[in-house]
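Breakdown of the fold
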Amino acid sequence: MSALLAARARAFINAFSLEVSAKALPALREQAARIAPGTLVSIPYLASEDDEARLAAARTVRELGFAPMPHVSARRVPSRAALERFIVRAVSEAGAERCLLIAGDLSTPAGPFADSASIIATGILERAGIKSVGIAGHPEGHPAMGDAQRWRVLAHKCQAIEARGMAPMIVTQFAFDADLVLAWLHALRGHGISHPVLLGVPGPASIARLVRYATMCGVGASTSMLARYGISIGRLLGTAGPEVFVDRLMQGLRDDDGPVSPHIFPFGGVAPSLDWIDMYRQRGTPGNR
């Protein structure tokens, strides 16, 4: 790795954000001193938890000195009143300035919201004090949309967020194929969408666990994708980190790709992910390459 590329890699990895579920917050608390104040911590929406648990998680993230970004699963929100109550409390109790909107996995909405666009249109977010809204990017494609519709919908959401005085941010699911992610990112910029992107990166974990999470989340994990990630299908009992993936991202990122940062999914635990980040930082310093 050249000195210039190493410097870019350190800047990239130092801008990391984390995806941490409510049940992993004790581990986050234990490791908090290793994480820069103000780091974005994204709190996924889990059907097994209620709003009180989600709000408690957001409060804990703020108390630890980080910036909470609770997820809102549109199709699981039972009513407009429930949405407003949750967002108002997230802002007032946890100081949340960001939220991430996803459609959710229900085929039939539990309430009035079929997608993230319908939540944006309510005006609830900006009135409550939300300043930035995350929406999902899909490097591997969208299961219900073709390419043209996918770009059109994404651009419309970004425009709607901006029209309401908030800043759009695009967050992707984790992936194993850096070339596919880079192609999506370059296409995103080619469509004139210049907003910050948080690229999903699977933290170090057992290979079997990575494959299991990929299956659960609908992420491509073919033999060829895993090979490009640095995993041999013959060693599923081992552990893998994302250094090959991140190296390839760094080689393919262009100056005109705009603000891009890694969003770490700590599947193997918060501490091992932070250990990996430390290792990746050091690997690019003189004498450690």
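Located above this text is the structure these notes cover.
Quantities reported herein were computed from a predicted structural model and do not represent experimental measurements.

Notes on the pairing of strand β4 (residues 98-102)
In this sheet, β4 lies alongside strand β3 (residues 67-73) in parallel orientation, the contact comprising 3 bridges. Among the inter-strand pairings, V72 is bridged to a residue of β4, identified as L101. Taken together, the 4 bridges between β4 and strand β5 (residues 132-137) define a ladder with parallel strand orientation. Opposite C99, over in β5, you have V133 as the bridge partner.

With respect to the pattern of salt bridges
For the coordinates displayed, the defined rule picks out 12 salt bridges. The salt bridge involving E93 is made with R89; its shortest N-O contact spans 2.7 Å. Linking E93 with R89, this pair stays in helix α4 (residues 80-94), spanning 4 residues, or about one helical turn. Look at E93 and you get partly exposed, because its relative accessible area is 34%. Residue classification places R89 among the partly exposed positions, given a relative accessible area of 22%. Across the salt bridge formed by D256 and R254, the nearest N and O atoms sit 3.2 Å from each other. Several salt bridges converge on common partners, so that one network encompasses R34, D275, D278 and R281.

Considerations on the environment of D105
Secondary-structure assignment places D105 in the loop between β4 and α5 (116-120). Separated by 3.0 Å, the side chains of D105 and R76 make a polar contact.

Rules and cut-offs
Residues numbered from 1 in each chain as written. Predicted model: local features only at pLDDT ≥ 70, side-chain atom pairs only at ≥ 80, totals over all residues. Heavy atoms only, no water. Pairing = 2+ DSSP bridges. Helix = DSSP H or I, 4+ residues; strand = E, 2+ residues; numbered from the N terminus. Salt bridge = Lys/Arg side-chain N within 4 Å of Asp/Glu carboxyl O. Buried < 20%, exposed > 50% of the residue type's maximum accessible area, 1.4 Å probe, protein only. Polar contact = N/O pair within 3.5 Å; in protein donor to acceptor, adjacent residues only side chain to side chain.

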